[in-house]
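Secondary and tertiary structure notes
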Amino acid sequence: MKDRKLEMTEILDWLAEDRMASQEQLDIMRDLAHRFPGRHPLTVIAERNWQHPESGKRLTLDALTEWLANRLDLECYHVDPLRLDVARACEVMPYAYAERFNALPVEVRDKEILVATAEPFLQSWNKELSQLQGKPIRCVLANPEDIGRFRIEFYNMAKSVFGAEKDSGNKRGGAQSLEQLMELSRSGKLEANDQHIVSIVDWLLQYAFEQRASDIHIEPRREFGNIRFRIDGVLHDVYQLPTAVLTPVTSRLKILARMDIAEKRRPQDGRIKTRDPDGGEIELRMSTMPTAFGEKLVMRIFDPEVLLKDFTQLGFDPQDEATWEHMTKQPNGIVLVTGPTGSGKTTTLYSTLKRLARPEVNVCTVEDPIELIEPSFNQMQANDALELGFADGIRTLLRQDPDIIMIGEIRDGHTAEMAVQAALTGHLVLSTLHTNDAPSSLTRLRDLGVPGYMLHSSLLGIIAQRLIRTLCPNCKRPAEIGDPEWEALTRGWKIKKPAQVNEPVGCLECRNTGFRGRVGIYEMLQVTPEVKELIGADAPLETVRKTAQKAGMRPLRLRGAQKVAAGLTTAEEVLRVVPPPDPGA
């Protein structure tokens, strides 16, 4: 059969045969077809925003691609950029070749090469390419817009990496010792301002924003540099850079963050302000760490929009919000947020401070590092090198006529003592700790040397939190939950098991993970008169926990169970994130 492109008339005929659109819609489209020369028929039809006459579902480009694949007995392939070996795929065929035939190599397997195409009747290239690569080529049908977009992005990225590697004069994949890598970085063979390097860094940042990454990891290895994104709390491999290219990429990012690019033996911190693809302002906090094969660099992405989210969006239910508001609207006292790194403590604190920061209130913070610049706060960076620790910072802030003080973290006894003293002298103090649950914070503070009578007089409440992944609203489906899973979540609590929950499926929206986004779960310990009395008497932790639960505190796993019953997440996700209860809890 002679090579040819898909034609609008045949697509419309097939849609009519399969009753995918009304006759009126098809006739109108036939009359308009001549206005779209050179454009893919599926793209043009998808822009009409038609609905299926029977199901009422929109005929999106993805839906039309899937329909066409089924009709032509081809596999429908959804291009997931995070799962492609971009460098290897782009070596399969030249860009001009891929553009001419509207194709994109997507997988290089042991026994075959998978090529996504939007033109299934263009096949003349298949035999020639198969001979060149020494493997059979299997064509799959993919969304034409995805093919066009990723073809440009990935070939440009591959071109920049190849150009940078060529300029460096180093061959890809050569094993390097630590000493050789250090010498390479000093040699200056490849400039951080080289256009290829600039292009790689720009692509990397934009790509991270598009994929909703919260962190970017750039990790040197013996033979290559690994780039990973953390998305919804889980790390994904994204790209492998030649070692000779990784060093100038790291240097370029250090320049942007105003770090010392000559210093590679000591950890450094910095920050970058940039814009996402939609023009919104984004702040990145950078940290470097010397490793055996060079500098590891991690960028944490902070979206200022998070401060505009209300507490419902963060995962608070109405009772949580009322309790939290009662704690944080007191004129003085100390409120603690506890949980491991990455549990959302910073977001909770910043969102709270943003709400409390009125013109008549002086909000001051001491942080290490300053997570996010916020104009309505007075923020101070702790710096041990300048003998300005958290305790010294609190002492300084107390001379600044503050109303509200936020302490980045209580790490030692001196900081804990200063925080409590600040609360006792008429200030509202908010800070963080690292403990498994809210009641355990009392033990931690006692271990740091804060006596029970001082906590009795100053502590307003403690909130423990975790972030759990939420099910993708586009593909989740009803399911049943087993008795063991429900019992593990609700241990000791007589909570009726829901007749139906939801389970993950996987679709394009969630990159076939079944999850999209995260939400907080919270354990609220409010210091009631009964709890206060026990704290002052240094009562055992379990006594405090049981009294707090009688007053309304619900354990983290139980709060997770409520999210499961509401259809927002799964029991497995809650059990993965939330620690098991302490014995006897």
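Parameters and conventions
Residues numbered from 1 in each chain as written. Predicted model: local features only at pLDDT ≥ 70, side-chain atom pairs only at ≥ 80, totals over all residues. Heavy atoms only, no water. Phe/Tyr/Trp six-rings, centres within 6.5 Å; stacked < 30°, edge-to-face > 60°. Helix = DSSP H or I, 4+ residues; strand = E, 2+ residues; numbered from the N terminus. Buried < 20%, exposed > 50% of the residue type's maximum accessible area, 1.4 Å probe, protein only. Lys NZ or Arg CZ within 6 Å of the ring centre and 35° of its normal. pLDDT = per-residue confidence, 0-100. Contact = heavy atoms within 4.5 Å. Core = buried A, V, L, I, M, F, W, Y, C linked by side-chain atoms within 4.5 Å. Pairing = 2+ DSSP bridges. Axes fitted to C-alpha atoms, helices over the stretch in contact; angles between N-to-C directions. Expected span 1.5 Å × (residues − 1). Polar contact = N/O pair within 3.5 Å; in protein donor to acceptor, adjacent residues only side chain to side chain. Parallel < 35°, antiparallel > 145°, perpendicular 65-115°, else oblique. Nonpolar A, V, L, I, M, F, W, Y, C, P; charged D, E, K, R; others polar.

Attention now moves to the packing of aromatic side chains. Each aromatic ring pair is characterised by the separation of its centres together with the angle its planes make. Under the counting rule described, the total for this entry stands at eleven aromatic pairs. On the numbers, 5.3 Å between centres and 65 degrees between planes, the contact of Tyr95 with Tyr155 is edge-to-face. One end of the pair, Tyr95, is in helix H6 (residues 95–100); the other, Tyr155, is in helix H8 (residues 144–168), and 60 residues separate them in sequence. Given the relative accessible area of 9%, Tyr155 is considered buried. Judged by centre distance (5.3 Å) and plane angle (70 degrees), the ring pair of Tyr97 and Phe101 falls under edge-to-face. Note on Phe101: relative accessible area 7%, which makes it buried. Aromatic rings pair up to connect Phe150, Phe154, Trp203, Tyr207, Phe229 and Tyr239 into one cluster. Directly above the ring of Phe515 sits Arg469, whose terminal nitrogen or CZ lies 4.1 Å from the centroid.

Another point: the confidence of the model for the chain. Scored by pLDDT, the chain comes out at a mean of 88, with 94% of its residues at no less than 70. The least confident element of the chain, judged by mean pLDDT, is helix H9 (residues 178–187) at 39; the most confident is strand E10 (residues 333–338) at 97. Every residue in residues 170–189 is under pLDDT 50, and counting partners more than four places away or in other chains gives 32 contacts.

Moving on, we come to the nonpolar core. Within the largest apolar cluster, 66 residues are counted, with the highest numbers of intra-cluster contacts made by Phe229 and Tyr239. When residues in this core are grouped by element, the largest group, nine residues, is from helix H10 (residues 195–210). For Phe229, the residues in contact, after removing those within four places along its chain, are Leu82, Leu204, Tyr207, Ala208, Gln211, Ala213, Asp215, Ile216, Val234, Leu235, His236 and Val238. Core analysis: the second largest hydrophobic core is formed by 54 residues, Ala382, Val450, Leu534 and Leu556 among them.

Taken in spatial order, the three strands of this open sheet run E1-E2-E3, and their pairing is mixed. Every interior strand has two partners, whereas the edge strands, strand E1 (103–108) and strand E3 (137–141), have only one. With direction set aside, neighbouring strand axes in the sheet form an average angle of 30 degrees. Summarising the sheet, E1 and strand E2 (residues 113–117) pair through five bridges and their orientation is antiparallel. Within E2, the position partnered with Glu107 by the bridge is Leu114.

What the seven strands build is an open sheet, ordered E12-E11-E13-E14-E10-E15-E18; its pairing is mixed. Whereas interior strands pair on both sides, the edge strands pair on one side only; in this sheet they are strand E12 (378–381) and strand E18 (515–526). In this sheet, neighbouring strand axes are inclined to one another by 20 degrees on average, regardless of whether the strands run parallel or antiparallel. For strand E11 (residues 363–367) and strand E13 (residues 404–407), the ladder comprises four bridges, and the chain directions are parallel. What sits directly across from Val366, in E13, is Ile407. The sheet strands contacting helix H22 (residues 556–565) are strand E15 (459–471) and E18, and the helix crosses E18 at an angle near 135 degrees.

It is worth spelling out helix H11 (residues 243–256) at this point. For H11, built from 14 residues, the straight-helix expectation of 20 Å at 1.5 Å per residue is met to within 8% by its first-to-last C-alpha distance of 21 Å. Along H11, eleven of the 14 residues are buried, which leaves the element largely enclosed by surrounding structure.

This part takes up the side chain of Asn226. Here Asn226 shows up in strand E5 (residues 224–231). By relative accessible area, which is 10% here, Asn226 ends up buried. Within the local environment of Asn226, its side chain forms a polar contact with the side chain of Asp237, the two groups lying 3.3 Å apart. Excluding residues within four positions of it along the chain, Asn226 makes contact with His217, Ile218, Glu219, Asp237, Tyr239 and Gln240.

With that settled, consider unusual backbone geometry. Cis geometry marks the peptide bond from Asp368 to Pro369; its omega dihedral reads -5 degrees. Mapped onto the fold, Pro369 is located in the loop between E11 and E12. A positive phi angle, near 55 degrees, is found at Arg19, a position not held by glycine. Given a relative accessible area of 61%, Arg19 falls into the exposed group. Phi at Asp232 takes a positive value of approximately 50 degrees, unusual for a residue other than glycine. Topologically, Asp232 is positioned in the loop between E5 and strand E6 (234–242).

Turning our attention to the packing of helix H1 (residues 8–17) against helix H2 (residues 23–32). Packing of H1 against H2 leaves a shortest axis separation of 10 Å and a crossing angle of 180 degrees. Considering their axes alone, H1 and H2 lie roughly antiparallel with respect to each other. In this structure, H1 contributes Met8, Leu12, Asp13, Leu15 and Ala16 to the contact, and H2 contributes Leu26, Met29 and Arg30. Of the residues that constitute the contact of H1 with H2, the class distribution is six nonpolar, no polar and two charged.

Take the pairing of E11 next. The buried count for E11 comes to five of five residues, which makes it a mostly enclosed element. Going residue by residue along E11, you find Val363, Thr365 and Glu367 tucked away on one face and Cys364 and Val366 tucked away on the opposite face as well. For E11 and E12, the ladder comprises four bridges, and the chain directions are parallel. Bridge pairing in E12 links Thr365 to Gln379.

At a minimum axis separation of 9 Å, H10 and H11 run at an interaxial angle of 70 degrees. Comparing the axis directions of H10 and H11 gives the class roughly perpendicular. Of H11, the residues touching H10 (which contributes Ile197, Val198, Ile200 and Val201) are Val245, Pro248, Val249, Arg252, Leu253 and Leu256.

Along an α-helix, residues three or four positions apart point the same way, because every turn accommodates 3.6 residues. Spanning twelve residues, helix H16 (residues 413–424) covers 16 Å between terminal C-alpha atoms, matching the ideal 16 Å at 1.5 Å per step. The inward-facing, buried residues of H16 abut E10, helix H15 (390–397), E13, strand E14 (428–433), helix H17 (440–447) and helix H18 (452–458). One side-chain oxygen at the N-terminal end of H16 lies 3.2 Å from the backbone nitrogen of His414; it belongs to Asp412. Once H16 finishes, Gly426 follows within two positions and takes phi at roughly 100 degrees, a positive value.

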